[in-house]
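Structural overview for review
The primary structure of each chain is shown beneath.
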Amino acid sequence: MSLFLEYIEEIASRKKDLGLAPKPIDSADLVAEIIEQIKDQGHAHRAESLDFFIYNTLPGTTSAAGEKAKFLKAIILGEETVAEITPEFAFELLSHMKGGPSIEVLLDLALSDDAAVSAPAADVLKTQVFLYDADTSRLEAAFKAGNAIAKGILESYAQAEFFTKLPDVEEKIDVVTYIAGEGDISTDLLSPGHQAHSRADRELHGQCMITPEAQKEIQALQAKHPNAKVMLIAEKGTMGVGSSRMSGVNNVALWAGKQASPYVPFINIAPVVAGTNGIAPIFLTTVDVTGGIGLDLKNWVKKTDADGNTVTDANGDAVLEEAYSVATGTVLTIDTKAKTLFNGDKELADISSAFTPQKVEFMKAGGSYAVTFGKKLQTFAAETLGVQAANVYAPSKEISHEGQGLTAVEKIFNRNAVGVASETALHAGSNTRVKVNIVGSQDTTGPMTCQELEAMAASTISPLVDGAYQSGCHTASVWDSKAKANIPKLMSFMNKFGLITARDPKGVYHAMTDVIHKVLNDITIDDRSIIIGGDSHTRMSKGVAFGADSGTVAIALATGESAMPIPESVKVTFKGNMQGHMDFRDVVHATQAQMLKQFGGENVFQGRIIEVHIGTLMADQAFTFTDWSAEMKAKASICISNDETLIKSIELAKSRIQIMINKGMENEAGMLAGLIKLADERIAGIKSGEQPALSPDDNAKYYAEVVIDLDAIAEPMIADPDVNNEDVSKRYTHDVIRPVSFYDGKPVDLAFVGSCMVHKGDMQIIAQMLRNLEKQNGSVSFKAPLVVAPPTYNIVDELKAEGDWEVLEKYSGFVFDDANPKGAARTKYDNILYLERPGCNLCMGNQEKAEPGDTVIATSTRLFQGRVVADSAEKKGESLLGSTPLVVLSSVLGRFPSMDEYKAAVEGIDLTRFAPPTEEMTTKFSGQAVPVKVVS
């Protein structure tokens with residue numbers, strides 16, 4: 001059967017079974033067959049073939065786009081004649097193909113001697129921004145050879161006419177409100193983790209947003225208010241917390257945005273989203289990618305008494321009162337010039353934070369990518385012509401305070417800044433382009449990153465990137481048909497693109513399902529690095545790392561750059577001493593609880609950098625803190641270590657990179673060897689004293705300073721979803737931190753140790769606890785299932801060599817087998833220890849899950865509704881989060897332990913060696929902060 005007839009069969013099946021339109025075409029072979037049918041005037045499928053060719057072929061660097069571009073070129077040159085596609089229409093179709101093959105064709109035509117095609121081709125090229133070195137080199141060579149067309153194109157680029165000739169953002173935008181949920185809305189509501197396999201199929205994945213009922217309600221609002229855009233709202237909460245999903249924004253745009261191009265299906269842009277407490281930082285970046293609008297409504301405010309004091313409820317939480325209503329169906333107006341939200345003539349809120357000059361540019365250009373590429377293209381053209389680039393884009397916001405030192409993040413941004421005009425150091429609030437050192441792509445967003453790379457016509461990784469890794473951890477638990485369909489294709493694409501990949505497309509080295517954050521933490525070998533990763537928990541304990549959407553990952557891979565403001569910082573230090581029975585996870589939870597208490601319930605971490613002065617704690621353990629900072633709603637976190645500890649952490653990273661090389665994971669560019677070389681250089685700089693460990697200046701300015709009292713931490717601390725709180729908006733917020741005594745024997749149905757929040761020490765703690773319990777009781781049995789998923793294979797190998805893995809195997813009822821991985825997710829659990837394959841496992845919720853209605857105690861990070869555990873008809877599922885020793889003991893007892901039981905179980909175990917630094921971890925301000933700038 002021909003590929004076309006197979007496609008027709010797939011279309012019929014897709015429509016019958018799923019009610020969906022034809023899947024967009026990315027195959028060159030299928031497009032080639034379609035083209036032959038278009039040429040055949042009498043072909044039975046000619047009309048359909050034309051529609052598929054014009055409206056259903058994916059652009060960019062897909063192989064399908066290559067075939068389409070070649071055929072359009074032949075039509076323009078008169079080599080082929082298609083009545084329905086005139087040369088003028090062919091040029092229009094090329095203009096919507098973004099880059100790659102289409103740019104190559106347009107350059108061929110523009111630089112040809114045929115004036116009939118060169119002029120219109122040049123006109124189209126002047127509207128394009130996705131040009132790469134091969135394209136700009138052709139233009140430069142033609143210009144230097146005296147080609148007038150090339151000169152005209154470059155002059156247009158130097159004036160950034162591809163941007164200036166776009167229509168301005170509308171002055172008034174009417175919106176109709178839709179409350180998507182009360183309280184914080186995680187991106188799981190917009191793009192559920194268990195539907196991760198379908199993210200690259202945009203129409204199919206769109207069916208999972210919120211609920212089918214909600215989708216119908218949105219459509220009803222659109223029908224009732226055809227001139228207004230539906231604005232999705234997190235009432236009394238923050239929109240888009242937890243994960244950085246491009247798929248979440250894609251789904252919102254699919255239902256409530258506008259089509260990016262009439263010739264590209266299911267790619268919509270410009271959604272409008274809002275929250276009482278604004279938009280989560282990483283989600284807001286994703287909104288910018290689509291040229292959307294994200295509003296901070298502030299429509300609920302703290303109630304105050306006659307003396308101006310905040311009124312609190314019985315739990316000590318601030319009582320909120322409504323400042324104005326955004327009930328579903330309310331029509332409001334966004335005034336983009338006044339930067340104000342109106343209800344009729346009534347002013348409701350200042351929304352200027354959503355309409356900074358940079359954000360308005362994203363909206364005008366249809367997304368942040370076009371602005372990023374446009375600036376680079378304009379700079380290239382101006383330099384080639386030897387002229388000054390026109391002042392078209394909003395100037396970078398460069399803020400410098402004389403006499404003020406730098407925080408750690410300010411130092412990192414200054415070191416990596418690109419294209420900065422200022423001769424003095426930049427402080428928080430500055431808007432900069434920065435070099436990205438390390439990039440990570442994970443496997444459930446990876447297929448979308450591939451699409452984004454194809455759409456922006458990128459074919460290879462930027463040489464500016466020091467290290468890049470494609471993980472396989474989110475689909476590690478179950479090697480099912482969905483994983484088998486998606487993951488090999490993903491690994492092949494990323495391997496060819498230049499990343500180190502968890503799986504070898506050639507099958508030479510053993511598949512590595514290590515948790516992405518752990519690998520990125522290892523390949524980050526410089527504490528002054530900037531890291532971008534396709535997951536909200538990309539928060540390294542060396543350098544500063546930002547969780548990002550699949551598109552931001554793509555642009556970092558393609559350009560080696562990212563654009564963002566320098567965030568404010570909150571300084572966290574410690575005092576007192578840890579009690580011997582406390583785990584470092586308890587310190588992490590206590591930090592959140594004590595911060596909220598110190599600031600009257602205000603989360604000063606939200607949207608800012610947490611600069612934690614952690615001192616002598618190795619990077620592996622410190623990662624437990626930085627990882628959790630996502631749940632604190634922080635933008636990122638930075639660990640301040642002393643020189644000796646940093647050297648040890650880098651040496652450990654070097655050894656693990658060498659293991660990757662020994663396994664055969666090195667690529668042709670020698671990326672891993674390059675990282676080891678950079679690590680050696682960093683260690684030498686520390687030892688010589690010329691480049692000591694990163695530290696802030698002693699007079700750096702912080703938004704707030706938090707001091708954590710270790711003496712006050714007497715019990716294991718639990719993060720509780722508080723599923724039965726009468727105020728719906730206060731459920732699943734991560735802000736409820738309670739001591740274990742609060743639970744007083746509460747039953748536990750399932751326990752989980754694993755995911756990115758644990759390290760080798762946690763696995764050793766499990767082994768030692770089992771030894772302790774056996775010594776105390778004669779044997780060990782489990783009254784609730786205990787699932788253990790080590791974060792990396794390296795850790796498993798080390799535990800085997802040291803004898804602890806043998807202890808774990810002794811008490812396990814299931815041990816993973818890579819030669820025979822699970823083909824289906826587990827739906828029922830026995831009261832045994834499950835030793836699972838390294839990876840995300842239950843934390844991700846896309847493969848393994850607890851049984852509905854279970855009370856789960858876990859070391860993971862996720863307590864979102866339905867993520868780890870769904871509700872049953874009788875009971876809400878709960879995912880409570882705690883330390884490894886608490887989780888293990890709870891599984892043995894089948895309930896939360898008493899303090900006496902807990903202390904006995906951990907007796908003699910070295911849970912953590914964390915102690916506050918004894919010295920101030922700052923640098924004496926020299927009087928003038930001078931940036932070390934990367935030359936653009």
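Please read these numbers as outputs of a predicted model, since none were measured by experiment. (Residues numbered from 1 in each chain as written. Predicted model: local features only at pLDDT ≥ 70, side-chain atom pairs only at ≥ 80, totals over all residues. Heavy atoms only, no water.)

Brief notes about the packing of helix α8 (residues 133-144) against helix α17 (residues 368-385)
One can describe the packing of α8 onto α17 by two numbers: an axis separation of 11 Å at closest approach and a directional angle of 20°. What the angle tells us is that α8 and α17 run roughly parallel. Like other packed secondary-structure pairs, α8 and α17 cross with a definite hand, here right-handed. On α17, the residues that touch Thr136, Glu140 and Phe143 of α8 are Leu377, Phe380, Thr384 and Leu385. Within the contact of α8 with α17, the residues separate by chemical class into four nonpolar, two polar and one charged. (Axes fitted to C-alpha atoms, helices over the stretch in contact; angles between N-to-C directions. Helix = DSSP H or I, 4+ residues; strand = E, 2+ residues; numbered from the N terminus. Parallel < 35°, antiparallel > 145°, perpendicular 65-115°, else oblique. Left-handed = near helix turned anticlockwise from the far one by under 90°. Contact = heavy atoms within 4.5 Å. Nonpolar A, V, L, I, M, F, W, Y, C, P; charged D, E, K, R; others polar.)

Things to note about the sheet that holds strand β15 (residues 431-435)
Ordered by their spatial adjacency, three strands build an open sheet running β14-β15-β21, and the pairing between neighbours is antiparallel. Each edge of the sheet is formed by a strand with only one pairing partner; in this case those strands are β14 (417-418) and β21 (561-565). In this sheet, β15 lies alongside β14 in antiparallel orientation, the contact comprising two bridges. Bridging across to β15, Ala417 finds its partner in Val434. (Pairing = 2+ DSSP bridges.)

Things to note about the confidence of the model for the protein chain
Averaged over all residues, the pLDDT of the protein chain equals 93, while 99% of them reach at least 70. Contacts for the low-pLDDT stretch residues 931-936, under 50 throughout, to residues beyond four places or in other chains number 23 contacts. (pLDDT = per-residue confidence, 0-100.)

Focus on the sheet that holds strand β23 (residues 609-615)
With parallel pairing, four strands are arranged side by side in an open sheet as β24-β23-β22-β25. Looking at the sheet topology across the chains shown, the edges are occupied by β24 (636-641) and β25 (704-709). Looking at each pair of strands side by side, their axes are set apart by 25° on average, direction ignored.

A look at the pattern of salt bridges
Under the criterion given, the structure shown has 54 salt bridges. A salt bridge links Glu84 to Arg46, with the shortest nitrogen-to-oxygen separation between them at 2.9 Å. With Glu84 in the loop between α4 (63-76) and α5 (87-95) and Arg46 in helix α3 (residues 46-55), this pair connects stretches of sequence that are 38 residues apart. The partly exposed category is assigned to Glu84, whose relative accessible area is 39%. Glu774 is paired through a salt bridge with Lys810; the nearest N and O atoms lie 2.9 Å apart. With Glu774 in helix α27 (residues 760-777) and Lys810 in helix α29 (residues 804-811), this pair connects stretches of sequence that are 36 residues apart. (Salt bridge = Lys/Arg side-chain N within 4 Å of Asp/Glu carboxyl O. Buried < 20%, exposed > 50% of the residue type's maximum accessible area, 1.4 Å probe, protein only.)

Structural notes on the side chain of Ser695
Residue placement: Ser695 occurs in the loop between α26 (671-688) and β25. Ser695 sits in the buried class, given a relative accessible area of 11%. Setting aside residues up to four positions removed in sequence, Ser695 forms contacts with Lys411, Ile640, Met921, Thr922 and Thr923.

Focus: the pairing of strand β12 (residues 340-343)
Examined bridge by bridge, strand β11 (residues 331-335) and β12 share three bridges and lie antiparallel to one another. Bridge pairing in β12 places Asp335 opposite Thr340. Where β11 hands over to β12, the hairpin turn is made up of four residues, of which Lys339 adopts a positive phi near 55°. As paired elements, β12 and strand β13 (residues 346-350) share four bridges and run antiparallel to each other. Looking across to β13, one finds that Phe342 is bridged to Glu347. Hairpin geometry of β12 and β13 is characterised by an intervening segment of two residues between the two adjacent antiparallel strands and by a positive phi of about 65° at Gly344.

Focus on the nonpolar core
Core analysis: the biggest nonpolar cluster contains 245 residues, and Phe53, Ile85, Met456, Tyr469 and Phe605 have the highest contact counts within it. For this core, the element with the most residues is α17, which contributes nine residues. Apart from residues no more than four positions distant in its own chain, Ile85 is found in contact with Leu50, Phe53, Ile54, Leu72, Ile75, Ala90 and Leu93. Core analysis: the next-biggest nonpolar cluster, separate from the first, contains 25 residues, Val176, Ala214, Val252 and Trp255 among them. (Core = buried A, V, L, I, M, F, W, Y, C linked by side-chain atoms within 4.5 Å.)

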